Amino acid sequence: PQYNEKSIKYCLALISNAASFQEDCAQRQLQDYARKIITEMFNDIDVEKLIGSWNLAWGPQVYQHAPGTKIADNTMYVAQNRENPNEFVIAIAGTNPSSTFDWLVEDFKLKDPETGSLVPWDEVVGNKSTQPTGNIAYGSRKGLEALMEMKDSSSQMSIKDFLKNSSNSFREPLKITVCGHSLGGALSPLLALELMESQADWDRTQSSHINVQAMAGPTPGDKVWRDYYDERLGKSTNRIWNSLDIVPHAWDEDTMHEINTIYYPHIKLDPRDALLLKIALGRSKGLEMKQICPDTKPFPGLFDADFEDFKDQVVYQHIGAYNEWFQVQEYVKIYNSIIGSTSYN
């Protein structure tokens, strides 16, 4: 039977990470490889039974923060529903484990090195709002900039150019969902809010619907930004997180303190992990970082006794547990098989 809507969005987000499986490649090679994987997935008859019929409409585009980077720092693509062609899903990749830029900047750099503080949202979007719009993390800003700069390698259209072109092509309003897991779970609300603030630029009638499915992401902004976001997009956002996943516990000081005993009594933090947590807590101190959609309850995580090491349990709770909760093991199996049998050459 076909998966439910939330599981389908998770599946579409999952394959945005295809380029993370390759290293030592130029940008074009990574894009070609990701395109190959996503296209094969969409053309697979068993995948179609699980998630429905989709076309690759834009991308996948890979961002590399510097010449000679040789890996994907960020990836994004757009899927179009073949049966309802005015429905689009913008899928944003999570942290590439091989990318030090992802880890050190987009995931962990909260304060702007020049100002020593968070980045005002007004400054990010060039917005002159009459109400307070709050601040976002410096790393989140860099990630959002990377997504906004991307241009489809064949059409040369940015994501906004693409949406403008699409909204002009359809009589009915576009139905857009921005989704991502992990780093993608932090960047998807940012991109969605940016698209909403600039909607007049790409959607003449301003009738397109923007939805968000943010999964397993850390907090992109502070309490004022969170309130501003929730007022605009809270009702059309699905935030999905696992109670035993440490990533969505960051960067809110209150929830970060819970990480100390998150797997107790099964696993106690060793001194090195405790020190890393202390450093992380120090980074967020006084910044009032808060999660979007604060009333969203997590799904109850289940401790997996197969993983006795803290880091192994962290990885399982951040990835494997979501595959199980969304019940997409069959899809993941096909994805892994296609990844395993595809070279980028």
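Residues numbered from 1 in each chain as written. Predicted model: local features only at pLDDT ≥ 70, side-chain atom pairs only at ≥ 80, totals over all residues. Heavy atoms only, no water.

## Describing the pattern of salt bridges
- For the coordinates displayed, the defined rule picks out 16 salt bridges.
- Where K9 meets E87, a salt bridge forms, and the shortest distance between an N and an O atom there is 3.9 Å. Taken together, the residues span a long stretch of sequence, with K9 in helix α1 (residues 5-14) and E87 in strand β3 (residues 87-92) at a distance of 78 residues. Each member of the pair, K9 as well as E87, carries the same accessibility label: buried.
- A salt bridge links R232 to E197; the shortest N-O distance between them is 3.9 Å. Residue R232 is located in helix α10 (residues 223-233), and its partner E197 is located in helix α8 (residues 183-197); the two are separated by 35 residues in the primary sequence.
- Connected through salt bridges with shared partners, the residues E123, R141, K142 and E145 form a single ionic network. (Salt bridge = Lys/Arg side-chain N within 4 Å of Asp/Glu carboxyl O. Helix = DSSP H or I, 4+ residues; strand = E, 2+ residues; numbered from the N terminus. Buried < 20%, exposed > 50% of the residue type's maximum accessible area, 1.4 Å probe, protein only.)

## Some details on the pairing of strand β1 (residues 54-63)
- Of all 10 residues making up β1, 7 are buried, and the element is well covered by its neighbours.
- Direction of pairing for β1 relative to strand β2 (residues 74-81): antiparallel, over a ladder of 7 bridges. In the strand pairing of β2, W54 is matched with N81. (Pairing = 2+ DSSP bridges.)

## Re the sheet that holds strand β7 (residues 209-215)
- If you walk across this open sheet you meet the 6 strands as β1-β2-β3-β6-β7-β8, and the pairing is mixed. Lying at the two open borders of the sheet, with one neighbouring strand each, are β1 and β8 (237-240). With direction set aside, neighbouring strand axes in the sheet form an average angle of 15°.
- Judged from the 4 bridges that link them, β7 and β8 form a sheet pairing that is parallel. Opposite A214, over in β8, you have R239 as the bridge partner.
- In the packing of helix α6 (residues 138-149) onto the sheet, the strands contacted are β1, β2 and β3, and the crossing angle to β2 comes to about 55°. (Axes fitted to C-alpha atoms, helices over the stretch in contact; angles between N-to-C directions. Contact = heavy atoms within 4.5 Å.)

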